[in-house]
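These are the residues of each chain, in order.
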Amino acid sequence: MGDVLAGIHATWELESDALVIRFDRGIRTPKLYSALRERRVPHEALASVTLTPGKRGTVVLHAVPRPGADPLMDAAAGQLKEGSDPYRLVLPAERETLAGRYRDELEALLASRPGAAGAAGYDGAFEGVAPADRFLVAPPSGPQSFKAYDGKACFDGTSEVAFRWSRTGASSEKWKAGDQVFPVRDLCGVEWRSPDGVDGYLRLVSRGGPPSPVERPDQDPACVVFGRYGPVYESLTFAAAVLAAIRDRDRVPVPVPAPVPVSVSVSVAAGRREPGVVAERIRHLGELHRAGLVTDAEFSAKKAELLAEL
């Protein structure tokens, strides 16, 4: 393990349990890559990997994530241009043999994991691939913000999204509604339409209520319109971070067993777990923690409980 493959604009490193993608930050690097910097993709988050001919004397390694495994790709919903896909590694054609060996090694690691075969792409054609029941790839971290045509969108990174309307770009309907603040607990989803199109926007979907009654994004107070603003690398990472925060609030907390009463301490020895079982549970807990699905406090408490079972 630890095999490193350097391509154009990115480098892949194959670890025992994950594919680590590090992106260049040069002026010719796609801005989305520069914004992402580095991504750690657990093998269980991937459905397949392919090697195909590219353009102008190149080959392309393409890792396809399972549906529901990556908040960035869920938010993008198939709208990313090929050159901005963070799961594509472009290499010179003379490195095809090396890339083939890398693909074979990664395929071998995926073969033993559920939902790892049969993926066809990001357009929903994932035959035979089990969707992930939670996000396995960490979202962009920390506060997020970007300027849209009719206002500024801000996310504090955990609990609240705010839209502040522009004096010159916002519609009269939005001015009448006033600046908006959306607690994450009241949201159930994010609708992102790429600013690469003529009608790009980002809309927040309320929890437990009907879809927004306003069809036009420029009149909807739960929506910011991109126009010539809100570039992909800013608005998409924003949408992914908000989507991950919404799912994080919905996730099932890690169960913590109740303390064993002193009166039954005589039977504790009979209930101890095998070290190998405890180690595997701690490893899985660590994966949840790295993916941002378990808080630091939950991780520490649960790890202490598991160690106490030895």
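Preceding this paragraph is the structure being described.
These lines cover the structure that appears in this document, whether it is placed above or below. (Residues numbered from 1 in each chain as written. Predicted model: local features only at pLDDT ≥ 70, side-chain atom pairs only at ≥ 80, totals over all residues. Heavy atoms only, no water.)

1. Remarks on the pattern of salt bridges
Phase 1: Taken as a whole and judged by the stated rule, the model has 13 salt bridges.
Phase 2: Where Glu13 meets Arg22, a salt bridge forms, and the shortest distance between an N and an O atom there is 2.7 Å.
Phase 3: Of the residues examined, Glu13 reaches a relative accessible area of 17% and is grouped as buried.
Phase 4: Overlapping salt bridges, with partners in common, bring together Glu191, Arg193, Arg203 and Asp220 in one network. (Salt bridge = Lys/Arg side-chain N within 4 Å of Asp/Glu carboxyl O. Buried < 20%, exposed > 50% of the residue type's maximum accessible area, 1.4 Å probe, protein only.)

2. A few points about unusual backbone geometry
Phase 1: The backbone phi angle of His9 is positive, close to 80°, even though this residue is not glycine.
Phase 2: In this structure, Ala77 is a non-glycine residue whose phi angle is positive, near 50°.
Phase 3: Along the chain, Ala77 turns up in the loop between α2 (71–76) and β7 (88–92). (Helix = DSSP H or I, 4+ residues; strand = E, 2+ residues; numbered from the N terminus.)

3. Structural notes on helix α7 (residues 296–308)
Phase 1: Over its 13 residues, α7 extends 18 Å from the first C-alpha to the last, a length consistent with the 18 Å expected when each residue adds 1.5 Å.
Phase 2: Those residues of α7 that fall on the buried side of the exposure criterion are Phe299, Lys302 and Leu306. The arc that holds the buried residues of α7, viewed along the axis, is 80°, so those residues lie on one side. Opposite the buried face of α7, by more than 90 degrees, sit the exposed residues Asp296, Ala297 and Ala308. (Expected span 1.5 Å × (residues − 1). Arc of directions from axis to C-beta.)

4. Things to note about the sheet that holds strand β9 (residues 151–155)
Phase 1: Strands sit in the order β8-β9-β10-β11 across an open sheet of four strands; the sheet is antiparallel. For this open sheet the edge positions go to β8 (144–147) and β11 (180–183), each flanked by a neighbour on one side alone. Neighbour to neighbour, the strand axes of the sheet diverge by 10° on average, direction disregarded.
Phase 2: Pairing of strand β10 (residues 160–165) with β11, which is carried by four bridges, proceeds in the antiparallel orientation. Counted as the bridge partner of Ala162 is Val181 from β11. (Pairing = 2+ DSSP bridges. Axes fitted to C-alpha atoms, helices over the stretch in contact; angles between N-to-C directions.)

5. Regarding the packing of aromatic side chains
Phase 1: By the definition in use, this model includes eight aromatic pairs.
Phase 2: Their ring planes at 85° and their centres at 5.1 Å tell us that Phe146 and Phe238 sit as a pair that is edge-to-face. Of this pair, Phe146 sits in strand β8 while Phe238 sits in helix α5 (residues 232–250), and the two are 92 residues apart along the sequence.
Phase 3: With a relative accessible area of 2%, Phe146 lands in the buried category.
Phase 4: On the numbers, 6.3 Å between centres and 35° between planes, the contact of Tyr149 with Tyr229 is tilted. Residue Tyr149 is found in the loop between β8 and β9, and its partner Tyr229 is found in the loop between β14 (223–225) and α5; the two are separated by 80 residues along the sequence.
Phase 5: Members of the aromatic cluster, connected to one another through ring pairs, are Phe146, Phe155, Phe226 and Phe238. (Phe/Tyr/Trp six-rings, centres within 6.5 Å; stacked < 30°, edge-to-face > 60°.)

6. Things to note about the environment of Pro30
Phase 1: For Pro30, the location among the structural elements is in the loop between β3 (18–23) and α1 (31–36).
Phase 2: Here the alpha-carbon distance between Pro30 and Pro86, two residues 56 residues apart in the chain, equals 9.6 Å.
Phase 3: Sequence-distant contacts of Pro30, defined by excluding residues within four places in its chain, comprise His9 and Gly83. (Contact = heavy atoms within 4.5 Å.)

7. Some remarks on the pairing of strand β6 (residues 58–65)
Phase 1: Burial runs high along β6: eight of the eight residues are buried.
Phase 2: Residues Thr58, Val60, His62 and Val64 of β6 are buried on one face, and the alternating residues Val59, Leu61, Ala63 and Pro65, pointing to the opposite face, are buried as well.
Phase 3: Inspection of the sheet shows strand β5 (residues 46–53) paired to β6 by seven bridges, in the antiparallel sense. Residue pairing for β6: Val49 is matched across the bridge by Ala63.
Phase 4: If you look at the hairpin formed by β5 and β6, you'll find four residues sitting between the two strands, and Arg56 has a positive phi there, around 50°.
Phase 5: Strand direction decides the pairing type here: β6 and β7, joined by five bridges, are antiparallel. Within β7, the position partnered with His62 by the bridge is Arg88.

8. Focus: the environment of Leu19
Phase 1: The residue Leu19 is located in strand β3 in this model.
Phase 2: In the structure, Leu19 is positioned 26 residues away from Ala45 in sequence and 9.6 Å away in space, judged by C-alpha atoms.

9. Description of the nonpolar core
Phase 1: Core analysis: the largest hydrophobic core is formed by 65 residues, its most contacted members being Leu61 and Leu202.
Phase 2: Of all the elements, α5 adds the most residues to this core, at eleven residues.
Phase 3: Beyond its immediate sequence surroundings of up to four residues, Leu61 is in contact with Leu5, Trp12, Val49, Thr50, Leu51, Tyr87, Arg88, Leu89, Leu91, Ala99, Tyr102 and Arg103. (Core = buried A, V, L, I, M, F, W, Y, C linked by side-chain atoms within 4.5 Å.)

10. Observations regarding the side chain of Arg39
Phase 1: Relative to the elements of secondary structure, Arg39 occurs in strand β4 (residues 38–42).
Phase 2: Within polar-contact distance, the side chain of Arg39 engages the side chain of Asp70 at 2.5 Å.
Phase 3: The residues touching Arg39, leaving out its near neighbours within four places in the chain, are Leu19, Val20, Ile21, Phe23, Asp70, Leu72, Tyr87, Val137 and Ala138. (Polar contact = N/O pair within 3.5 Å; in protein donor to acceptor, adjacent residues only side chain to side chain.)

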